[in-house]
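# Secondary and tertiary structure notes
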Amino acid sequence: MSRPSWDEYFLSIAREVSRRSTCLRRQVGAILVKDKRILTTGYNGAPRGLQHCEVTGCLRDKLGLAPGERVELCRGLHAEMNALLQGAIHGVQVEGATLYSTDSPCVSCAKMLINCGVRRIVSAGDYPDALAKEMLAAAGVEVVLMEGNPA
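Residues numbered from 1 in each chain as written. Predicted model: local features only at pLDDT ≥ 70, side-chain atom pairs only at ≥ 80, totals over all residues. Heavy atoms only, no water.

### What to know about the overall build of the chain
To keep it simple, the criterion reads: Put simply, DSSP marks the helices as runs of H or I at least four residues long and the strands as runs of E at least two long, and each gets a number from the N terminus on. When we talk radius of gyration, it's over C-alpha atoms, and the globule rule is simply 2.2 Å times the number of residues to the 0.38.
Across its full length, the chain holds 6 helices and 5 strands. Mapped from its N terminus to its C terminus, the chain presents α and β elements in the order α-β-β-α-α-α-β-α-β-α-β. The C-alpha radius of gyration computed for the chain amounts to 15 Å, which stays within 12% of the reference 15 Å derived for 151 residues, consistent with globular compactness. Dimensions along the principal axes, computed over C-alpha positions, put the chain at roughly 40 × 35 × 35 Å.

Put into structure tokens, the structure is as follows:
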């Protein structure tokens, strides 16, 4: 067995975090890492204290929305948002961090990551959001897609 690279290692942890997701459509996990240390984790699901979509049903399915379309119409928070919010709640500085995620960010998450100073994103999946990719490139955020990377 070969030793995983740092990117493979942290991406495998993001995959494990995704197992906590309560989303009926897509299970996403994210971690923020700086200096090879995990700062925060996040997965997608309803805000704390609210019923999960497995109880209420998926609003996006009910509205017939495709992935990448009207992302604001969802009861859940995205994994990237939750990872950033954990930093805010616990006073963890994330500027200069790398985001490892099982999917690439949507435009809403991309804007938050840019403003928080995340400098690099490593993802296992390629979410269909051209504006997010354009904004990340314009902000100089390095984006690495590791599709097919073993878990």
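What follows continues from the structure just given.
### Digging into the pattern of salt bridges
Quick note on the threshold: The term salt bridge refers to a pairing of a side-chain nitrogen on Lys or Arg with a carboxyl oxygen on Asp or Glu at a separation within 4 Å. Note on classification: 1.4 Å probe, protein chains only; a residue is buried when its accessible area is under 20% of the maximum for its type, exposed when over 50%, partly exposed between these limits.
Applying the stated criterion across every chain yields a total of 7 salt bridges. Of the charged contacts, one joins R26 and D103 as a salt bridge, the two residues approaching to 2.5 Å between their closest N and O atoms. Highlighted residues: R26 in the loop between helix 1 (6–18) and strand 1 (29–34) and D103 in the loop between strand 3 (98–101) and helix 5 (107–115), separated in sequence by 77 residues. Classification of R26 as partly exposed rests on a relative accessible area of 29%. A relative accessible area of 9% means that D103 is categorised as buried. One salt bridge in this structure joins R120 and E142, with 3.3 Å as the shortest N-O distance. Highlighted residues: R120 in strand 4 (residues 120–123) and E142 in strand 5 (residues 142–145), separated in sequence by 22 residues.

### Observations concerning the nonpolar core
Put simply, the test is: To form a nonpolar core, buried Ala, Val, Leu, Ile, Met, Phe, Trp, Tyr and Cys residues must be joined to one another through side-chain atoms within 4.5 Å.
L32, L84, L99, L113, V118, I121 and L136 are the most contacted members of the largest nonpolar core, which totals 17 residues. If you look at the next biggest cluster of nonpolar residues, it comprises 11 residues, including F10, A14, I31 and V33.

### Quick look at the packing of helix 5 against helix 6 (residues 130–138)
To keep it simple, the criterion reads: All axes are obtained by fitting lines to C-alpha atoms, using only the stretch in contact for helices, and the reported angles, taken between N-to-C directions, cover 0 to 180 degrees. Here the word oblique covers every angle except those under 35 degrees (roughly parallel), over 145 (roughly antiparallel) and from 65 to 115 (roughly perpendicular). Each crossing gets its handedness from the near helix: less than a right angle anticlockwise from the far helix is left-handed, clockwise is right-handed. Between two residues, a contact is recorded if the distance between any of their heavy atoms is within 4.5 Å. The residue classification treats Ala, Val, Leu, Ile, Met, Phe, Trp, Tyr, Cys and Pro as nonpolar and Asp, Glu, Lys and Arg as charged. All others, Gly included, are polar.
Where helix 5 meets helix 6, the axes come as close as 8 Å, and the angle between the chain directions of the two elements is 15°. Between helix 5 and helix 6, the angle is such that the two are roughly parallel. Where helix 5 crosses over helix 6, the two elements pack in a sense that is right-handed. The residues of helix 6 that touch helix 5, namely those facing V107, A110, K111 and I114, are L131, A132, M135 and L136. Among the residues making up the contact of helix 5 with helix 6, the classes are represented as 7 nonpolar, no polar and 1 charged.

### A short note on the packing of helix 4 (residues 79–90) against helix 5
Orientation of helix 4 relative to helix 5, taken along the N-to-C sense of each, is 30°, at an axis distance of 9 Å. Judged by the angle between their axes, helix 4 and helix 5 are roughly parallel. Regarding helix 4 and helix 5, the two cross each other, and that crossing is left-handed. Counting all contacts with helix 4, which are made through E80, M81 and L84, the residues of helix 5 involved are S108, C109, M112 and L113. Looking at the contact of helix 4 with helix 5, its residues break down into 5 nonpolar, 1 polar and 1 charged.

### What about the side chain of E80?
Going by this rule: All tallies of charge rest on Lys and Arg as positive and Asp and Glu as negative; His and the ends of each chain are not included.
Inspection of the secondary structure puts E80 in helix 4. In this structure, E80 is buried with no salt-bridge partner, the nearest side chain bearing the opposite charge being R26 at 9.1 Å. E80 has contacts with A30, L99, S101, D103, S104, P105, C109 and L113, leaving out every residue within four places of it along the chain.

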